[in-house]
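Here is how the chains run, residue by residue.
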Amino acid sequence: MPERYEEKQRADIGTQEAESLPGSDVLQAEAGGAPGTDQPARSLWSDAWQDLRRNPVFVVAGLLILFLIFISLWPSVVATGSPYNCDIAKRNLGAESGHPFGFDSQGCDVYNRTVYGARASLTVCTLATLGAAALGTVLGGLAGYFGGWGDAVLSRITEVFFGIPILLGGLVFLSVIKSGSVWPVIGLIVLLGWPQVARIARGSVITAKQNDYVQAARTLGASTRRIMLRHVLPNAIAPIIVVATIALGTYVALEATLSFLGVGLKPPTVSWGSEISTASTQIRNAPHALLWPAGALSLTVLAFIMLGDAVRDALDPKLR
């Protein structure tokens, strides 16, 4: 008995010393709770946000996108005048005081046209991404959860849409539409962009619905609507967010390409694609009219791609 008592005393002393070590709080936090508390481990979203805040790529891309959003909402704060004020006497002239980017072939200020062009490009990519993500998530989620003939029909439909090149579909669809506003372009991108999101959503929902907590909720009598909204969707949404974030940059480039080919946004709507198309015929006489909107377009696409890569790395469990 005395030996057992001494062993117990030594064990208690060792435990107290271990708890007093400088790194004990860190070990407790890494084990799934805060030091000295019973708080649970952080969720995937909080961990992802912490990783994104420490990622310089995300910070730079986020600041650049916030600046683009600002100038698209309030372009007059940054621009020096209206993009429609043109003086043909100054056509193809270079930079001068008050006009840092020079003038295009119509005598319009390239700086003002570049600033105002951000509104159309960001409007198209944002609304098109939201529309394609919403439609694809609903259709893919329902097909993945219920399966059966609905899943088979959706799979065949998505295969048909995947066989249509989006650029070729845009040329055919938009060539018969005379409107030069953003809505036909947004509708085209949603029409041809939702199958990719639907396929991702379907696979994520199929994986999520097989988890134990979904089976337990179904056993306890939870309704289908509650299971999908409270248990399946929150655990299947991460891949959809990653795909939608990367698609933002793709849709900016797609809108510019369609406008460059003359079937996207048309005057009087100001867009980077139409500016590049107009300036391409005068590239020898006024290269600045092409370089500035092309540079703004490239920087925007790069910012969205960097943002998508950072979000993907933060939300991918394999990289954690």
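To keep things clear, this report deals only with the structure shown in the data block.

Thresholds, definitions, all that
Residues numbered from 1 in each chain as written. Predicted model: local features only at pLDDT ≥ 70, side-chain atom pairs only at ≥ 80, totals over all residues. Heavy atoms only, no water. Helix = DSSP H or I, 4+ residues; strand = E, 2+ residues; numbered from the N terminus. Buried < 20%, exposed > 50% of the residue type's maximum accessible area, 1.4 Å probe, protein only. Contact = heavy atoms within 4.5 Å. Disulfide = S-S within 2.5 Å. Core = buried A, V, L, I, M, F, W, Y, C linked by side-chain atoms within 4.5 Å. Phe/Tyr/Trp six-rings, centres within 6.5 Å; stacked < 30°, edge-to-face > 60°.

## Observations regarding the overall build of the protein chain
Logical step 1: Each helix and strand counted, the protein chain has 13 helices and zero strands in total.
Logical step 2: Along its sequence from the N terminus, the protein chain presents helices and strands in the succession α-α-α-α-α-α-α-α-α-α-α-α-α.
Logical step 3: In the protein chain, buried positions account for 39% of the 320 residues.
Logical step 4: Look at the contacts in the protein chain between residues 6 or more apart in sequence, and 70% of them connect residues 24 or more apart.

## Brief notes about the state of the cysteines
Logical step 1: Scanning the entire structure with this criterion turns up one disulfide.
Logical step 2: Sulfur-sulfur distance for the disulfide between C86 and C108 comes to 1.8 Å. Measuring handedness by torsion sign, the sulfur bridge of C86 and C108 sits at about 90° and is right-handed. In this pair, C86 is assigned in the loop between helix 5 (75-78) and helix 6 (110-146) and C108 in the loop between helix 5 and helix 6, connecting sequence segments 22 residues apart.
Logical step 3: Overall, C108 belongs to the buried group, its relative accessible area being 5%.

## Quick look at the side chain of S271
Logical step 1: Along the chain, S271 falls in the loop between helix 11 (224-260) and helix 12 (272-280).
Logical step 2: In this view, S271 contacts G117, A120, E255, S259 and L265; residues no more than four positions away in its chain are not counted.

## Concerning the nonpolar core
Inside soluble globular proteins, nonpolar side chains tend to come together where they are buried.
Logical step 1: The biggest cluster of nonpolar side chains holds 59 residues, and the ones touching the most others in it are C125, V185, I189, Y251, L258, L297 and F304.
Logical step 2: Within the residue set of this core, elements represented by two or more residues are helix 3 (44-53), helix 4 (56-73), helix 6, helix 7 (148-162), helix 9 (182-208), helix 11, helix 12 and helix 13 (288-315).
Logical step 3: The greatest single-element share of this core, amounting to twelve residues, is contributed by helix 13.
Logical step 4: Beyond its immediate sequence surroundings of up to four residues, Y251 is in contact with C125, A128, T129, A132, I189 and G193.

## Quick notes on the environment of D47
Logical step 1: As for its position among the elements, D47 is in helix 3.
Logical step 2: When its relative accessible area of 17% is taken as the criterion, D47 is described as buried.

## What to know about the packing of aromatic side chains
Logical step 1: One pass over the full model with this rule turns up six aromatic pairs.
Logical step 2: On the basis of an interplanar angle of 50° and a centroid distance of 5.5 Å, the ring pair of F70 and W74 is categorised as tilted.
Logical step 3: Of the residues examined, W74 reaches a relative accessible area of 46% and is grouped as partly exposed.
Logical step 4: Between F101 and W292 the ring centres are 3.8 Å apart and the planes differ by 5°, which places this aromatic pair in the stacked class.

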